[in-house]
Structures are given as C-alpha cells and as structure tokens.
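Spelled out, the chains give:
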Amino acid sequence: MTHVVLPACTKCQACLNACPVNAFHESEHILVINPEVCIDCGACTAECPPQAIVYEDDLPEDAQASLIFNARQAKHCPLIDAAM
Ligand code: SF4
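Please read all numbers here as calculations on a predicted model, not as lab measurements.

Q: How would you explain the site of the ligand if you had to name every residue and give the values?
A: Around the ligand, a shell composed of 13 residues is seen, among which Cys-19, Cys-38, Cys-41, Gly-42 and Cys-44 lie nearest. Split into classes, the residues belonging to the shell around the ligand amount to ten nonpolar, two polar and one charged.

What follows is the structure, encoded as structure tokens:
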C-alpha cells in the first residue's frame, strides 16, 4: 500500500518535511510519491493545504489513474531531498 498525490497538488512542498523516508519526487505539474518507498505513516496528509494526498485504499473510483501516475512518474522524476 501507499499514499498517492492527486492532481490538486500545487507543488507547495509543505509535505516534504513530514515524510520520514523521502518518498516524494517532482514531476512536471505535481509532486508524486514513490510507492516502493512510502511506509504509509500518513504524516504528509495533514500537511497538505489542498488535501491532495490520499491513502491508496481511500482513493475515489475516478482517481485510480493517480495511483498508476504516481508509480510511473516516481521511477524517472527527480527525488526531492527535504534536507536541501
Ligand atoms: Fe512519506 Fe508517510 Fe506520506 Fe508515505 S505517508 S509519503 S512515508 S509522509
């Protein structure tokens, strides 16, 4: 399981400091979460102003494409190092 960033993400990056495992990558229009790294702690969800981060099991039916998008984009978009 993983958490998923939805298209409502504004790339404000408020979530980055909350993530204990540096799971966020930067795609062209939104941040995405690497599902192979996310440990489902849920810390990022509370930090997201547009509430654009959702637990995989809570994804609405019409948002399933975001699950695939996050996984694909995380493979080739740059990792964001919260420490930088
Ligand atoms: Fe990082 Fe936790 Fe959010 Fe997963 S749920 S991206 S581990 S802060």
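Now that the structure has been shown, the text picks up again.
Q: Quick one: what's the story with the environment of Arg-72, residue by residue and with numbers?
A: Positionally, Arg-72 belongs in helix α2 (residues 64-76). Between the C-alpha atoms of Arg-72 and Cys-19, which are 53 residues apart in sequence, the distance is 20 Å.

Q: Report on the state of the cysteines, specifying residues and quantitative values.
A: Per the stated rule, a full pass over the model turns up zero disulfides. As a non-bridged cysteine, Cys-15 has Cys-12 as the owner of its nearest cysteine sulfur, 6.4 Å distant. Judged by its relative accessible area of 7%, Cys-15 falls in the buried class. Left without a disulfide partner, Cys-48 is nearest to the cysteine sulfur of Cys-12, which lies 6.1 Å away.

Q: Give a description of the nonpolar core that names residues and reports values.
A: Core analysis: the largest hydrophobic core is formed by 18 residues, its most contacted members being Val-5, Cys-15, Phe-24, Leu-31, Ile-33 and Ile-53. The biggest single contributor to this core is strand β3 (residues 31-33), with three residues. If near-sequence neighbours (up to four positions away) are discounted, Ile-33 is found in contact with Thr-2, His-3, Val-4, Val-5, Ala-23, Phe-24, Cys-38, Ile-53, Asn-70 and Ala-74. Of all hydrophobic cores here, the second largest spans five residues; its members include Val-4, Leu-6, Val-54 and Leu-59.

Q: Tell me what's going on with the side chain of His-3, and back it up with residues and numbers.
A: Checked against the element boundaries, His-3 lands in strand β1 (residues 3-5). Given the relative accessible area of 6%, His-3 is considered buried. Only 2.8 Å separates the side chain of His-3 from the side chain of Asp-40, close enough to count as a polar contact. Setting aside chain neighbours within four positions, we find His-3 in contact with Ile-33, Cys-38, Asp-40, Gly-42, Thr-45, Ile-53, Val-54, Tyr-55 and Glu-56.

Cut-off values and rules
- Residues numbered from 1 in each chain as written.
- Predicted model: local features only at pLDDT ≥ 70, side-chain atom pairs only at ≥ 80, totals over all residues.
- Heavy atoms only, no water.
- Near = heavy atom within 4 Å.
- Nonpolar A, V, L, I, M, F, W, Y, C, P; charged D, E, K, R; others polar.
- Helix = DSSP H or I, 4+ residues; strand = E, 2+ residues; numbered from the N terminus.
- Disulfide = S-S within 2.5 Å.
- Buried < 20%, exposed > 50% of the residue type's maximum accessible area, 1.4 Å probe, protein only.
- Core = buried A, V, L, I, M, F, W, Y, C linked by side-chain atoms within 4.5 Å.
- Contact = heavy atoms within 4.5 Å.
- Polar contact = N/O pair within 3.5 Å; in protein donor to acceptor, adjacent residues only side chain to side chain.

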